[in-house]
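# Close look at the chain arrangement
Single-letter residue listing:
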Amino acid sequence: TVISAFERSNNMTLLEMKKKIHKKIEEESSNPEELTDDPDIEAKLNDVINQVMFELARMKKIPAKETEQVRAGDYELTDLANFYQLDRIKLTDANGEPAEVFVFGNTAEFSVDGTASFYYFKYPKRITDNTDDEKYKFELADDALEIMPYGVAADLLKSDVSANYGQIYAQRYETMLARLDSRTSMGTVFIQKGDN
């Protein structure tokens, strides 16, 4: 099982994100049953949100931890759920003693059978045309989610040369992206057992 190394404070759903985007591009529907009256925007919205989300996930990484029983030998890191990039691996043998791990590219080589804790960064769950708007919850941090509507709006409106809104949103998105704090933690904490 994958455990997020840091709890995300948001619970924003895909539906809430779509509402934010429609407000931003002034494409809200007059019909309360629909988000927009524009079928072209509706048809490509999930793909564009997914594309921008993956870009943001490479900038503001999503930390995860997975612990498994492993055998000595090679292990493909891409077998980890939604694997993007390795941070570190902690391997212990059957006695709980630390053991050596060698990593080359996306392959880890374990020196012994034991328990491996993988600390890594992952891609978010993919959004498809069949994704449930109300059940899907974003895994990105709040600051990245606040940038997302600008990136999506820029892509949706890039072909609208008459109003130039696509370019305006693209510039705003790039400015906000450059200011995004990419850190996943503020530092390291060491806890040492005291003598009592």
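What comes next concerns the included structure. (Residues numbered from 1 in each chain as written. Predicted model: local features only at pLDDT ≥ 70, side-chain atom pairs only at ≥ 80, totals over all residues. Heavy atoms only, no water.)

### Re the packing of helix α3 (residues 142-156) against helix α4 (residues 165-179)
Contact geometry for α3 and α4: axes closest at 7 Å, N-to-C directions at 145°. Read as a crossing pair, α3 and α4 show a hand that is left-handed. In this structure, α3 uses E146, I147, Y150, G151, A153 and A154 to contact α4, whose residues at the interface are G166, Y169, A170, R172, Y173, M176 and L177. Of the residues in the contact of α3 with α4, the class split is nine nonpolar, two polar and two charged. (Axes fitted to C-alpha atoms, helices over the stretch in contact; angles between N-to-C directions. Helix = DSSP H or I, 4+ residues; strand = E, 2+ residues; numbered from the N terminus. Left-handed = near helix turned anticlockwise from the far one by under 90°. Contact = heavy atoms within 4.5 Å. Nonpolar A, V, L, I, M, F, W, Y, C, P; charged D, E, K, R; others polar.)

### Focus on the pattern of salt bridges
Evaluation of the coordinates by the stated rule reveals seven salt bridges. K18 is paired through a salt bridge with D133; the nearest N and O atoms lie 3.0 Å apart. Of the two residues, K18 is situated in helix α1 (residues 14-24) and D133 in the loop between β7 (114-122) and α3; the sequence distance between them amounts to 115 residues. (Salt bridge = Lys/Arg side-chain N within 4 Å of Asp/Glu carboxyl O.)

### Here we look at the side chain of T92
Within the element layout of this structure, T92 appears in strand β4 (residues 83-92). Taking the relative accessible area as the measure of exposure, T92 reaches 18% and is therefore buried. The residues touching T92, leaving out its near neighbours within four places in the chain, are E97, P98, A99, D113, G114 and T115. (Buried < 20%, exposed > 50% of the residue type's maximum accessible area, 1.4 Å probe, protein only.)

### Some thoughts on the packing of aromatic side chains
Enumeration according to the criterion identifies eight aromatic pairs in this entry. Their ring planes at 25° and their centres at 5.0 Å tell us that Y75 and F118 sit as a pair that is stacked. Of this pair, Y75 sits in strand β3 (residues 73-76) while F118 sits in strand β7; the two residues are 43 residues apart in sequence, bridging distant segments of the chain. What makes Y75 buried here is its relative accessible area of 13%. (Phe/Tyr/Trp six-rings, centres within 6.5 Å; stacked < 30°, edge-to-face > 60°.)

### Notes on the sheet that holds strand β5 (residues 101-104)
Taken together, three strands build an open sheet; the order of strands is β3-β6-β5 and the sheet is antiparallel. Across the chains shown, the open sheet's two edge strands, defined by having one partner strand only, are β3 and β5. Neighbour-to-neighbour, the strand axes of the sheet open up by a mean angle of 25°, direction not taken into account. In the sheet, β3 pairs with strand β6 (residues 107-110) via four bridges, with the strands oriented antiparallel. Bridge assignment links D74 to a residue of β6, and that residue is E109. (Pairing = 2+ DSSP bridges.)

### So, the packing of α1 against helix α2 (residues 39-59)
Across the interface, α1 lies against α2 with an axial gap of 12 Å and an inter-helix angle of 115°. Here α1 and α2 pass one another in a crossing that is right-handed. Residues L14, M17, K18, I21 and H22 of α1 form the contact with α2, whose participating residues are I41, E42, L45, N46 and I49.

### Some points on unusual backbone geometry
With phi around 55°, N82 is a residue other than glycine that occupies positive phi space. Take N82: it is sitting in the loop between β3 and β4.

### As for the environment of F118
Residue classification places F118 among the buried residues on the basis of a relative accessible area of 0%. For the pair F118 and I89, spaced 29 residues apart in sequence, the C-alpha to C-alpha distance is 4.7 Å. Look past the residues within four positions of F118 in its chain and what remains in contact with it is A64, K65, E66, E68, V70, Y75, L77, L80, R88, I89 and F110.

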